[in-house]
Amino acid sequence: MIQAIRGTKDILPDTIDYWNYLEFTAKAVSESFGYKEIRTPIFEKTEVFSRGVGEGTDIVNKEMYTFADKGGESITLRPEKTAAIVRAIIQSSLYQQQPITRLWYFAPFFRYERPQKGRLRQFHQFGAECISSPYPESDVEVISLAVEYCKSLGIEDYKLLINSLGNEQSRIAYKEVLIKYLLENKDKLTADSQNRLEQNPLRVLDSKAEQDKAVVEGSPNILDSLDAESKLHFETVLSYLDKLGISYAIQPRLVRGLDYYSHTVFEFQHSSLGSQDSFGGGGRYNSLFSQLGGKETPAVGFAMGAERLMIILEAIGKLPQPEPVADYYLLAADSKFIPKAIEIASALRSKGKKVLTDLIRRSFKSQMRDAGKLNIPYVVIIAEDELSRDSLLLKNMLNGEQNEILIKEFLK
RNA sequence: GCGGCCUUAGCUCAGUCGGUAGAGCACCAGAUUGUGGCUCUGGUGGUCACGGGUUCAAAUCCCGUAGGUCGCCCCA
């Protein structure tokens, strides 16, 4: 048997309603903030991500689906959206045509990893980006969009962690004290973290290894290194969140795995996810545009993992009830009435109804069973007696009542 | 890339001491000829993941591979 690629999953009809629900809700919430959808190609030149996401990140180092196309060009299936969106905006000069660009997406992404709970090689994210504002209001807009989405889905018992990496000067200052501290404790760190110390020292803070945690415990706090501008930005974000009644926890060791963040970073966590407890995250990325060859442009965004949202919704019993596939089931009491059934079905559809007919010439009883099993609310029975009076039987499957009704009346 | 556990019908699983397979659910049909859900009866359905080895004989024992799952790393 030919199987789907490891780490990929078919979305079959039994779960498609859940996916549509996640996507339609994402669209509705995004539009309530005035965001427009953006779709970009699922693959890009590899440099979009290596330069955008950062050479020092795990995503670029070991998780990208990269291959050479027939022309020898290095192509990568997108592991995330932000770098691709920035590329698209620069290419189309979108950010030069309007003062603020607000975008959302719900799309598949690819990372080459061993699959586990809530982690696939092809996965889906809902995300939004707010481009061209350096002010805290845009950080807050993006966070509250994400919060509204959770609220719309009925997810309430999550944690929002927030931190600030500060502007570039603050980060340089912090890196200095951090590196100094880590070097003093280098021999207590895991080999992994000793490596990170060279490549991207901030990410040592992210380590989940017990051995590293002890060192990280005593590390200098990034918030102490923020300069006045960075501190003001962060405090303003927090005060807006307070005003909006959005609760959060400041987590000074939250740095996130992508290189492009500055100032505000945040992450959403939920306990139902096992060891992958984060289901969304984001932050400000003021330097990404210039890194990808565009005009320096402040921006902020977030992404949420659809598979993880699905796990949460299932755990808290908030998956939507699937709708019946049809409003009416056209039942031909005998094969000779099938043409009539098809005719009436067609007339109903042109009135905007969802209609099902039997296609395998089943018996009366069998069609009845079929309609019952599919939870279809009404069965239209076409049979000898009634047809001789130009009428049919309309049966309400919920209460079992049925009435004879003239076909002309029924189709009016 | 590494590790634990797992792989028998569409699904969830039994299968003893090695003797070439069963149940429940689902599906299909029927229960005085035109009525679903409940109940009863019957039926369809298996490359026992794949490849090799041991044996007279392998779903069962051994080796390998693939896949799943949960972790590690990291992330959504």
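Residues numbered from 1 in each chain as written. Chains lettered and ligands numbered in written order. Predicted model: local features only at pLDDT ≥ 70, side-chain atom pairs only at ≥ 80, totals over all residues. Heavy atoms only, no water.

### A word on the overall build of chain A
Stage number 1. In terms of helices and strands, chain A carries 16 helices and 16 strands.
Stage number 2. Each principal axis of the C-alpha atoms in chain A carries an extent, and together these give about 95 × 50 × 45 Å.
Stage number 3. In chain A, which comprises 412 residues, the proportion classed as buried is 49%.
Stage number 4. Surface accessibility of chain A: about 20900 Å² in total, with carbon and sulfur atoms responsible for 50%.
Stage number 5. Between the centroid of the 52 positive side chains of chain A and the centroid of its 56 negative side chains there is a distance of 4 Å. (Helix = DSSP H or I, 4+ residues; strand = E, 2+ residues; numbered from the N terminus. Buried < 20%, exposed > 50% of the residue type's maximum accessible area, 1.4 Å probe, protein only. Areas by Shrake-Rupley, 256 points an atom, 1.4 Å probe, with all protein chains shown as cover. Lys, Arg positive; Asp, Glu negative; His and termini not counted. Charge placed at Lys NZ, Arg CZ, Asp CG, Glu CD.)

### Overview of the packing of helix α1 (residues 13-32) against helix α12 (residues 306-315)
Describing two packed helices takes the angle between their axes plus the distance from one axis to the other.
Stage number 1. Relative orientation of the contacting elements α1 and α12 amounts to 110°, with a least axis distance of 11 Å. Between α1 and α12, the interaxial angle falls into the category roughly perpendicular. With respect to the hand of their crossing, α1 and α12 are arranged in right-handed fashion. Packed against α1, whose contacting residues are Y18, W19, Y21 and L22, the element α12 presents A306, E307, L309, M310 and L313 at the interface.
Stage number 2. When the residues that make up the contact of α1 with α12 are grouped by side-chain class, the tally is eight nonpolar, no polar and one charged. (Axes fitted to C-alpha atoms, helices over the stretch in contact; angles between N-to-C directions. Parallel < 35°, antiparallel > 145°, perpendicular 65-115°, else oblique. Left-handed = near helix turned anticlockwise from the far one by under 90°. Contact = heavy atoms within 4.5 Å. Nonpolar A, V, L, I, M, F, W, Y, C, P; charged D, E, K, R; others polar.)

### Considering the sheet that holds strand β1 (residues 36-37)
Stage number 1. Spatial ordering of the open sheet is given by β1-β5-β6-β11-β10-β9-β7-β8, a layout of eight strands whose pairing is mixed. Pairing within the sheet leaves two strands with one partner each, and these edge strands are β1 and β8 (249-250).
Stage number 2. Pairing analysis gives two bridges linking β1 to strand β5 (residues 101-110), with the strands arranged parallel. Considered in β5, the bridge of K36 is made with L103.
Stage number 3. The strands that helix α6 (residues 136-153) touches are β5, β6 (122-131), β7 (159-164), β9 (262-269), β10 (278-284) and β11 (299-305); relative to β11, the one it contacts most, it runs at about 20°. (Pairing = 2+ DSSP bridges.)

### What to know about the packing of α6 against helix α10 (residues 228-244)
Stage number 1. Orientation of α6 relative to α10, taken along the N-to-C sense of each, is 45°, at an axis distance of 9 Å. Classified by the interaxial angle, the pair formed by α6 and α10 is oblique. α6 and α10 meet at a crossing whose hand is right-handed. Between α6 and α10, the contacting residues are P136, E137, D139, V140, I143 and S144 on the first element and H233, T236, V237, Y240, L241 and L244 on the second.
Stage number 2. By residue class, the composition of the contact of α6 with α10 is seven nonpolar, three polar and two charged.

### Digging into the protein's contact with RNA strand B
Stage number 1. RNA strand B sits among 52 residues. The nearest are R111, R119, R196, G257 and Q276.
Stage number 2. In RNA strand B, the atoms that sit within 4 Å of the protein are 53% sugar and phosphate, with bases accounting for the remainder.
Stage number 3. For RNA strand B, a base nitrogen lies 3.4 Å from a polar atom in the side chain of Q116.
Stage number 4. Within the residue set of the surface near RNA strand B, elements represented by two or more residues are α3 (58-62), β6, α8 (191-199), β10, α14 (364-373), α15 (384-388) and β15 (391-396).
Stage number 5. Sorting elements by how many residues they give to the surface near RNA strand B places α14 first, with seven residues.
Stage number 6. For the surface near RNA strand B, the class distribution of residues is eleven nonpolar, 17 polar and 24 charged. (Near = heavy atom within 4 Å. Polar contact = N/O pair within 3.5 Å; in protein donor to acceptor, adjacent residues only side chain to side chain.)

### Things to note about α10
Stage number 1. The end-to-end C-alpha distance of α10, which contains 17 residues, comes to 24 Å, matching closely the 24 Å that a straight helix rising 1.5 Å per residue would cover.
Stage number 2. Following α10 by one or two positions, G245 has its phi on the positive side, about 70°. (Expected span 1.5 Å × (residues − 1).)

### Points about the confidence of the model for chain A
The predicted coordinates of low-pLDDT regions are not to be read in fine detail.
Stage number 1. Taken over all residues, the pLDDT of chain A has a mean of 91, while the share at 70 or more is 100%.
Stage number 2. Scored as a whole, the predicted complex attains pTM 0.92, and scored at its interfaces, ipTM 0.86. (pLDDT = per-residue confidence, 0-100.)

### A look at a nonpolar patch on the surface
Stage number 1. Taken together, the side chains of I42, F43 and F67 define a hydrophobic patch exposed on the protein surface, amounting to about 270 Å² of accessible area.
Stage number 2. You can see I42 is positioned in the loop between β1 and β2 (43-45).
Stage number 3. Judged by relative accessible area, which is 37%, I42 ranks as partly exposed. (Patch = residues over 30% accessible without salt bridge, like charges linked within 9 Å, V, L, I, M, F, W, Y side chains within 5 Å. Salt bridge = Lys/Arg side-chain N within 4 Å of Asp/Glu carboxyl O.)

### Overview of the domain arrangement of chain A
Stage number 1. Taken domain by domain, chain A consists of domain 1 (16-167 + 227-315) and domain 2 (328-411).
Stage number 2. A separation of 50 Å is found between the C-alpha centroids of domain 1 and domain 2. (Domains from an automatic or database assignment.)

### What to know about the pairing of β15
Stage number 1. Across the six residues of β15, six count as buried, placing the element largely inside the fold.
Stage number 2. Burial of the side chains of β15 extends over both faces: S391, L393 and K395 are buried on one face and L392, L394 and N396 on the other.
Stage number 3. The pairing of strand β14 (residues 378-382) with β15 spans four bridges and is antiparallel. Bridged to I381 within β15 is L393.
Stage number 4. When β15 meets strand β16 (residues 402-406), the two strands line up antiparallel, connected through five bridges.

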